[in-house]
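Summary of the model geometry
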Amino acid sequence: MPVNFRVPIFDVKNLNFSVRGQSILSNISLEIFNGEYIAIIGPNGGGKTTLARMLLGLEKPTSGTVRIFGKKLGDFKLWDKIGFVPQRASLVDANFPATVLDIVNMGRTSKRGIFSSMSKEDKDAVQDAMMKMDILDLKNKMVGTLSGGQRQRVMIARALASKPEILILDEPNTGVDMLSQKNFYTLLAKLNTDEKITILFITHDIGVIADDIGRLFTINQKAIICNNPKEALSCEEMSQLYGIDAHLIHNHKHEH
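Residues numbered from 1 in each chain as written. Predicted model: local features only at pLDDT ≥ 70, side-chain atom pairs only at ≥ 80, totals over all residues. Heavy atoms only, no water.

**As for the overall build of the protein**
- Scanning the protein from N- to C-terminus turns up eight helices and ten strands.
- In the protein, buried positions account for 47% of the 256 residues.
- Of all intrachain contacts in the protein linking residues separated by at least 6 positions in sequence, the fraction that spans at least 24 positions is 70%. (Helix = DSSP H or I, 4+ residues; strand = E, 2+ residues; numbered from the N terminus. Buried < 20%, exposed > 50% of the residue type's maximum accessible area, 1.4 Å probe, protein only. Contact = heavy atoms within 4.5 Å.)

**A few points about the packing of helix α5 (residues 148-160) against helix α6 (residues 178-193)**
- In the contact formed by α5 and α6, the axes pass within 10 Å of each other and the chain directions differ by 20 degrees. As the angle between them shows, α5 and α6 are arranged roughly parallel. Handedness of the α5/α6 crossing: right-handed. Contacts from G149, Q152, R153, I156 and L160 of α5 reach α6 at S180, F184, L187 and L191.
- Residues that form the contact of α5 with α6 fall into these classes: five nonpolar, three polar and one charged. (Axes fitted to C-alpha atoms, helices over the stretch in contact; angles between N-to-C directions. Parallel < 35°, antiparallel > 145°, perpendicular 65-115°, else oblique. Left-handed = near helix turned anticlockwise from the far one by under 90°. Nonpolar A, V, L, I, M, F, W, Y, C, P; charged D, E, K, R; others polar.)

**Section: α5**
- Here α5 spans 18 Å end to end across 13 residues, near enough to the 18 Å set by a 1.5 Å rise per residue.
- Taking burial as the measure, the 13 residues of α5 include ten buried ones, the bulk of the element.
- Elements in contact with the buried residues of α5: β6 (82-85), α2 (100-105), α4 (120-132), β7 (166-170) and α6. (Expected span 1.5 Å × (residues − 1).)

**Observations regarding the nonpolar core**
- The biggest cluster of nonpolar side chains holds 35 residues, and the ones touching the most others in it are V104, I135, I156, L167 and L191.
- Of all the elements in the fold, those that place two or more residues in this core are β3 (37-41), α2, α4, α5, β7, α6 and β8 (198-203).
- Take this core: its biggest share by element is six residues, from α5.
- Sequence-distant contacts of V104, defined by excluding residues within four places in its chain, comprise V126, A129, M130, I135, V154, A157, R158 and A161.
- Among the nonpolar cores identified, the runner-up in size contains 28 residues, and I24, I28, I40 and I166 belong to it. (Core = buried A, V, L, I, M, F, W, Y, C linked by side-chain atoms within 4.5 Å.)

Dropping the structure here:
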């Protein structure tokens, strides 16, 4: 009888990263599986964005290994399986010369190459991504004229255009008002449950952790993995992580 085991999307083992002798990440080990909704939290400067860059192949560890879909980082080529919304992505100059459609079209570049023309498959994928984000009516608007919440949805649509299996969002709420944030969490939960997209949400703000999240990684150079976020977020480790008495208020389950 064959052994039944799951290959994680990301398999990080004993990862260390230093810059000019200063340790940024120390002995990080974690696994992220298909269908999960995970948050990575920790203070600014704690190494969260550095870890994200390593998962995306943008940085190489000083030591340790990163495997993606079972392949070594250097051997992995199918980057369109990973959608990424970078930090401060929703902060766009008001004079930026691109429409919403232009921005979302960029999400197909990894599939078709920079200089290839858009195929019907590309156009359908872009249309589908904009529908999921409810921005079809904005497609001809200049992205610099949109609100923070609208730009946030545009950048997520760009990431979704490649039909990724996992969506990584690094501090996605920067410049976004509270109402848009609430809608955003509902939208992420829907992508996870209805579209079966694995979600990895990175933030420094313990106050934005949604109730839908299944597992929590806390990072401040080292990592603590919490399989029950509600219990973990009230525990002593959170105060140690931030160096203060930390308390969390769950306020993202809203009543209608």
